[in-house]
Each structure stands twice: as C-alpha cells, then as structure tokens.
Amino acid sequence: VNLPMVEDRLAVRLSGSTRNRDGFGQRMNGEDMGDVDSLSGRASILVTPNENLELLAAIDGSRIREKGPARKVLATSQPFAIGLMNMFIDPPYDERWLTDSDFTNYATDGNASESDLWGASFTATWKIGDYSVKSITAYRSNKSYYAVDPDGSPIAIIDEDARSKQDQFSQEFQVNGVSFDDRLTWVAGVYYFTEDGKVNMTDVVLLPLYYAIGMELNFNTNLHIDNKSYAAYAQGTYAVTDQLNLTAGIRYTYEKKYGDTYRFRPLTGEILIPFTSGKENWEAFSPRVGVEYRWNDDIMT
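Residues numbered from 1 in each chain as written. Predicted model: local features only at pLDDT ≥ 70, side-chain atom pairs only at ≥ 80, totals over all residues. Heavy atoms only, no water.

**Observations concerning the packing of aromatic side chains**
Which entries qualify depends on this criterion: When two rings of Phe, Tyr or Trp (its six-membered ring) have centres within 6.5 Å they constitute a pair, described as stacked for plane angles under 30 degrees, edge-to-face for angles over 60, and tilted for the intermediate range.
Under the defined criterion, the tally for this structure stands at 10 aromatic pairs. Taken together, the aromatic side chains of Tyr192, Tyr230 and Tyr254 make up a single cluster linked through ring pairs.

In structure tokens form, the structure reads like this:
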C-alpha cells in the first residue's frame, strides 16, 4: 500500500506477506515436518522537506515458526557404542524404527526451525548544485533456533539444537557529482561495518549410556565472532568524446575478524575444547581502470 500523505512532501509505504503450508513429512506421533509458516512486514516513510533534501526511513521484520526438515532414515547400523547401549534399553535401536514411507519417521525430540529477523535503515540525501551528499545507516538483528532428531526414533541416539544471535550495523557516507561541463561523473565515500554473533549448540549422543553406566557422549559447543570492516573509495568516469569514456577508481579496505570457541560435556562438566580464540586482519587496495566505446546505439565495447 502506497499512501501519499502530503503531495510532494510526505509518503508512506506499507507491505506485508504471510506464507503457510502443511509439512510434506510427518512423524508417527502426528507432528509435521517440512512445513512453511512465516509472517513478514515492512514500513517506510519518505520525507522531502524541499527539492534539495530527501529523507527515507524503513523498518522490516520477519517471524518464522516452522518445524524441522523432513527426514527419512534409510538404515541402522550396530557399532560398538550402540550395541552396548542396546544392552540396557528395551526396545533397542534397530530396524524396527524404519518406516515404509519416504516421508515418515518415529522421531519424538527436537523438531523446530524458528527465526526472528528485523532491520532498520535511514538514508538522507542532500543535493547541492551539481553535487549530492548521501548518508546510509542500517542495522539488522537475527535470532534463530533449530532442533532436529535425525536418528528417526524415540530413543536419544542423536539430538541437536542450536540457538544463534547476530547483530550488524553499517554506516556509509557518499559524495557524488558531475564536473568539467558534465564530462566527469564521480563518486567518493567511506564505509564502516561491524557485526557480533553467537551460537550455542547442544548435541545429545547415546543418552541412555549415561543413565546406565555413566558414560557421557553429549557435548555443548559455544561459538562467538566479532568482525569489523572499514573502506574508502573513489571512482570517476570521464567522457573523452560522445562515444569514448575512461573510468578509473580505487578502493581501500581494512578488515579484522575475531572468533572464539569452547566445548564441554554438559552433564559431567568435562572440557573437550578449552576456550580458544583467534584474530586476524587484512587490508587491500582494489583499483579499477576501464575504457568504454559506444560504436552506435546498439553496440558498446
């Protein structure tokens, strides 16, 4: 929906969507797998106080509440650990948990794929004669959760769930214009980006062995990143003739990345991977040179 609130001065745009579909897979306990259930919306407002200033603000969001992907277990095997576990449980983990359908299984644990995503941006453009100055500010956030039970049985052979959170922010300033009797079109700017992300993942592995003989194979994994990027750039295209254009530009980029992780067993507290971190940085100059010739209205080299 587009709403012109004040002619040539204020306008609002609203949009939304919903997607829904039953799952094409199903667990034997009646739960769907592979469904679609999402709701999204966006709102923006455009303000033009005068012919030289334009302000555009926008916000959007999506909410996803879906089951996990459809899974089919094709076969089971009996390695030592499962054979040992089967000595303490009834019924055991074997071929009885296979199904005749390509779209069903006997899983009962994690079955989710959920996300909450939203973002906002603000762009301001000032026109000053043959030049314009633009500021672009943006933020995004993502929170997600998923849980799966890939062993296809009600026994806790393998269960996994993960929660993640990521936020990012960017800011860009641009100056562009035309010079030398409109023969030179140019742009220059600076850019900044930062993001922070975390993941907490839990893997349950052969849980009955822990309750039977105290052997824990479960593990928790924690990951964290912190990344930043800086850049400055300039580029210009000069019309030597009406057919011949020359382009030259350069961009400098500096990035630094940090990450850390550790892993432990949640029930016994055993440390599997001690806290480990690493960081690195890079820089690059990226030049560009181009020659463009228009032979006629249909052909350009």
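Having put the structure on the table, let's press on.
**Considerations on the side chain of Thr247**
Heads up, the rule is: Note on conventions: DSSP H or I runs of at least 4 residues are helices, E runs of at least 2 residues are strands, and numbering of each starts at the N terminus. By the criterion applied in these results, polar contacts are pairs of N or O atoms within 3.5 Å in which, for protein atoms, one can donate a hydrogen and the other can accept it, and in which residues neighboring in sequence qualify only through two side-chain atoms. Any two residues having at least one pair of non-hydrogen atoms within 4.5 Å are treated as being in contact.
With respect to the secondary-structure elements, Thr247 resides in strand 13 (residues 244-264). Of note is the side chain of Thr247, whose polar atom sits 2.9 Å from the side chain of Thr237. Ignoring any residue separated from it by four or fewer positions in sequence, one finds Thr247 in contact with Gln235, Gly236, Thr237, Arg288, Val289 and Gly290.

**Quick look at the pattern of salt bridges**
Let me state the cut-off plainly: Each reported salt bridge corresponds to a side-chain nitrogen of Lys or Arg within 4 Å of a carboxyl oxygen of Asp or Glu. Buried residues are those whose accessible area, probed at 1.4 Å on protein chains only, stays under 20% of the maximum for their type, while exposed residues exceed 50% and partly exposed ones sit between those limits.
A complete count under the given rule lists nine salt bridges for this structure. A salt bridge links Arg65 to Asp116; its shortest N-O distance comes to 3.0 Å. In this pair, Arg65 is assigned in strand 6 (residues 53-66) and Asp116 in strand 8 (residues 112-128), connecting sequence segments 51 residues apart. Ionic pairing is found between Asp226 and Lys228, a salt bridge with its closest N-O pair at 3.3 Å. Taking relative accessible area as the criterion, Asp226 reaches 26% and is therefore assigned partly exposed. A residue is classified by how much of its surface remains accessible, and Lys228, at 22% relative accessible area, is partly exposed.

**Quick notes on empty space enclosed by the protein**
How we decide: Two kinds of site are reported from a 1 Å grid over the protein atoms alone, namely cavities, where a 1.4 Å probe fits but cannot get out, and pockets, open sets with protein on both sides within 12 Å along at least five of seven lines, and residues are called lining when an atom falls within 4 Å of a point. Grid points are joined across faces, edges and corners, and a volume is the space filled by probe spheres set on the points. Only Asp, Glu, Lys and Arg are considered charged in this grouping, and only Ala, Val, Leu, Ile, Met, Phe, Trp, Tyr, Cys and Pro are considered nonpolar; every other residue, Gly among them, is considered polar.
Here the structure, examined in full by the defined rule, presents one cavity of 30 Å³ or more. Empty space within the largest cavity amounts to approximately 40 Å³. As for the largest cavity, its lining consists of Arg27, Met33, Gly68, Pro69, Arg71, Asn105, Gly110, Asn111, Ala147, Val148 and Asp149. A breakdown of the residues in the lining of the largest cavity according to their chemical character gives four nonpolar, four polar and three charged.

**Some thoughts on the sheet that holds strand 7 (residues 104-105)**
Spelled out, the test is: The criterion for strand pairing is that DSSP finds at least two bridges linking the strands in question.
Ordered by their spatial adjacency, three strands build an open sheet running 4-3-7, and the pairing between neighbours is mixed. Of all strands in the sheet, those bounded by a partner on one side alone are strand 4 (32-33) and strand 7. Sheet topology places strand 3 (residues 25-27) next to strand 4; two bridges connect them, and they run antiparallel. Counted as the bridge partner of Gly25 is Met33 from strand 4.

**Description of the pairing of strand 6**
Look at any regular strand and the pattern is simple: side chains alternate between the two faces of the sheet. In this structure, strand 5 (residues 36-50) lies alongside strand 6, joined through 11 bridges in antiparallel fashion. Note on strand 6: the bridge partner recorded for Ala43 is Ile59. What sits between strand 5 and strand 6 in their antiparallel hairpin is a turn of two residues. The sheet contact formed by strand 6 and strand 8 spans 14 bridges and is antiparallel. Looking at strand 8, one finds that Leu55 is bridged to Ala124.

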